[in-house]
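What follows is the residue order along each chain.
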Amino acid sequence: MRLRRVWGRHKEKILVAGLLALVFVVMAPPKPIRDMVMREEEGVVIVDGVRKKDYNDYMYLKKEVLQTGLGEHGIGGSLSPAFDKEKEELYKVNGFNARLSDDIALNRSLSDIRHPKCKKKLYLVDLPNAAVVVPFHNEHWTTLLRTAFSAYNRSPKHLLKEIILVDDASTKDFLGKKLDDYLEEHLPIARVVRLPSRWGLIRARLEGAKHATADVLIFLDSHTECTTNWLPPLLEPIAVNYKTAVCPFIDVIDFETFEYRAQDEGRRGSFDWEFYYKRLPVLPEDEANMPEPFKSPVMAGGLFAISSKFFWEIGGYDPGLDIWGGEQYELSFKVWQCHGTMVDTPCSRIGHIYRKFAPFPNPRKDNFIARNYRRVAEVWMDEYKKYLYMRQPGWLQVDTGDISEQLAVRERNKCKPFKWFMENVAFDLAKHYPLIEPPDYCNGTIQSLANTNLCVDSQMKGQFDRLDSLGECGPNMQFQFQLTAFKDIRPLKSHNCFDVPDLKGEKAPVLLYGCHKGLGNQMWRYDMENQLIRFGGQETHCLDSSTSNKEVFVSMCDLNSQTQKWKWSFVNKDRLNNYKNLDPKP
Ligand code: UDP
Ligand code: MN
């Protein structure tokens, strides 16, 4: 009734409005397919035909925001001096401040330092479930438990099937029955598998993997902390292709304060030709695509996810690898050469305590590391193994033991040659770590011209890791240096380089710090004409010294200052004259 009356009175107006609406609908641009998100069930959306969802645990995040106390939100803490003695004792056996750890909650909160886009990222609804496998040898109680609790608390419950702690013959009492009972009561998803004797971390991981029943194996070190929503980004690339190994970003838990901080925002894993683990820059196209997973040639080793199916197809780890060492290369080469892929995933971040020092005595009498390296080289590296042996001829004296089973794995999986890996995966490795090292610019002793009896001395006398002294020149190793093709200065054959992190002040200290072969605070040039050792690309500062108190430092270059003048025992004039044209370019 009412409607008919309205129609009668406003016929024209309604027709015009209807027409306008029709025109609007016809002219409105069609929505792009990508935005056509269909609500299906709570939190599930369809993106490009694939079901994805938001895995954030908002209840847990809300609870964490309110947590207060020592170490909360990943902020560094300290103990009152009253605990100095206890602290010292626990430092000795752990290599980190375990006493401080005991005062920090097992479920401490951490701040979210991920790429901002990670917060809103959706992941596949259908993800495989995971087993967390943690080998441990004499781990400290609270750091071990924090590893397990952080993994559990921050996981979607249906995705984490089990936590397997593998006790590699620990001798600390509390790691026995007390640990079993504690887990049964407080964290029943976790259980301990015990090894009869010290098998080393590689066989411990293998044993844990054998006990696991989940689809995906996630290996963690026993002193780590998983941060918010760490699990789905590790699982998704495996759900898409089961032959993918996935590594999280590894952050730093400070060994002294337990502060949680980033190590960097991503690098590709690599190695040099003495098998030191190294890192390569992220490729520009990957940088532009952050925080999507990007390919990495070599894993750091301790923390990664791999499907159980692929892990066992490629023979797991070589069980002939003893204790530790080389396993990250073995598995990485295998993954790539045997038709898999390896990626780092920036949205999964896990903290790791890098120890201040290794607290354990050497568990073996033989050179197990050299044997491990050789096994990896002999099985996987083909003609490239010679570049290792060239630098470490001693490795050739070490017996590999039986490698027939490993060669059979390679054969069975029809794995590709190492040359393919070098050319397609680690294609820029040889640029940063040449197969054959170009000659040094200078080497030998660095003699002071202010007092020719004195030479730069690498033996540390004062502060930890600071190059601080001149000594009476002599033939000993401590007086031998090289200004390498990478434009760094280091004690002969060392992997620590002269580093000046801070130029402020009149006498900037020179540290001996891990060589990163980059430009900047580890870059030096020998100015032959003026006999100066110039620092950094700018070259405004020079290596200087005080002959009276035998100090070495960096200060503003001064052509008239004798304390800045140095003589190297060997100088490659041709190369120095061409310095600015040679890589790496200043
Ligand atoms: N580990 C082990 N057996 C060993 C040596 C190490 O189970 O013989 C464990 C250790 O507890 C840790 C992991 O393997 O969970 C890696 O060792 P570590 O943390 O000492 O190596 P780093 O991180 O210092 O390189
Ligand atoms: Mn570790």
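Residues numbered from 1 in each chain as written. Chains lettered and ligands numbered in written order. Predicted model: local features only at pLDDT ≥ 70, side-chain atom pairs only at ≥ 80, totals over all residues. Heavy atoms only, no water.

## Structural notes on the sheet that holds strand β22 (residues 496–499)
Strand order in this open sheet of 3 strands is β18-β23-β22, and the pairing throughout is antiparallel. At either margin of the open sheet sits one strand with a lone partner, and together these are β18 (466–467) and β22. (Pairing = 2+ DSSP bridges. Helix = DSSP H or I, 4+ residues; strand = E, 2+ residues; numbered from the N terminus.)

## Details of the layout of surface pockets
In this model, the second largest pocket occupies a volume close to 530 Å³. The wall of the second largest pocket is formed by 22 residues, among which E274, R391, E437, Q482 and K493 lie closest to the centre. (1 Å grid on protein atoms, 1.4 Å probe; cavity = no way out; pocket = protein on both sides within 12 Å on 5 of 7 lines; lining within 4 Å. Points joined across faces, edges and corners; volume = space filled by probe spheres on them.)

## Description of the coordination of the manganese ion (ligand 2)
Tetrahedral coordination by four donors sets the ideal angle at the metal to 109.5 degrees; octahedral coordination by six donors sets it to 90 or 180 degrees. Protein coordination at the manganese ion (ligand 2) comes from D221 (OD), H223 (NE2) and H352 (NE2), with a distance range of 2.1 to 2.2 Å. For the manganese ion (ligand 2), the donor residues sit on a single chain with the sequence spacing D-x1-H-x128-H. In this pair, D221 is assigned in the loop between β7 (216–219) and β8 (224–226) and H352 in strand β15 (residues 341–353), connecting sequence segments 131 residues apart. The burial state of D221 is the same as that of H352; both residues are buried. (Donors = N, O, S within 2.8 Å, 3.2 Å for Na, K, Ca; no water. Buried < 20%, exposed > 50% of the residue type's maximum accessible area, 1.4 Å probe, protein only.)

## Focus on the pairing of strand β24 (residues 524–527)
Both faces of β24 are covered, namely the face carrying W524 and Y526 and the face carrying R525 and D527. For β24 and strand β25 (residues 532–535), the ladder comprises 4 bridges, and the chain directions are antiparallel. Paired with Y526 across the two strands is I533, which belongs to β25. In sequence, β24 turns back onto β25 through a hairpin of 4 residues, with Q531 there showing a positive phi of about 60 degrees.

## Topic: the site of ligand 1
P135, D168, R198, S222 and R355 are the nearest of the 13 residues found near ligand 1. A distance of 3.0 Å is found between an oxygen atom of ligand 1 and a side-chain nitrogen or oxygen belonging to H223. One of the side-chain N or O atoms of H352 is found 3.1 Å from an oxygen atom in ligand 1. Calculation on ligand 1 without its partners gives an accessible area of 530 Å², and the protein chains cover 80% of this total. Mapped onto the shell around ligand 1, the elements with two or more residues apiece are β4 (130–136) and α7 (200–211). Considering only residue class, the shell around ligand 1 consists of 4 nonpolar, 5 polar and 4 charged. (Near = heavy atom within 4 Å. Polar contact = N/O pair within 3.5 Å; in protein donor to acceptor, adjacent residues only side chain to side chain. Areas by Shrake-Rupley, 256 points an atom, 1.4 Å probe, with all protein chains shown as cover. Nonpolar A, V, L, I, M, F, W, Y, C, P; charged D, E, K, R; others polar.)

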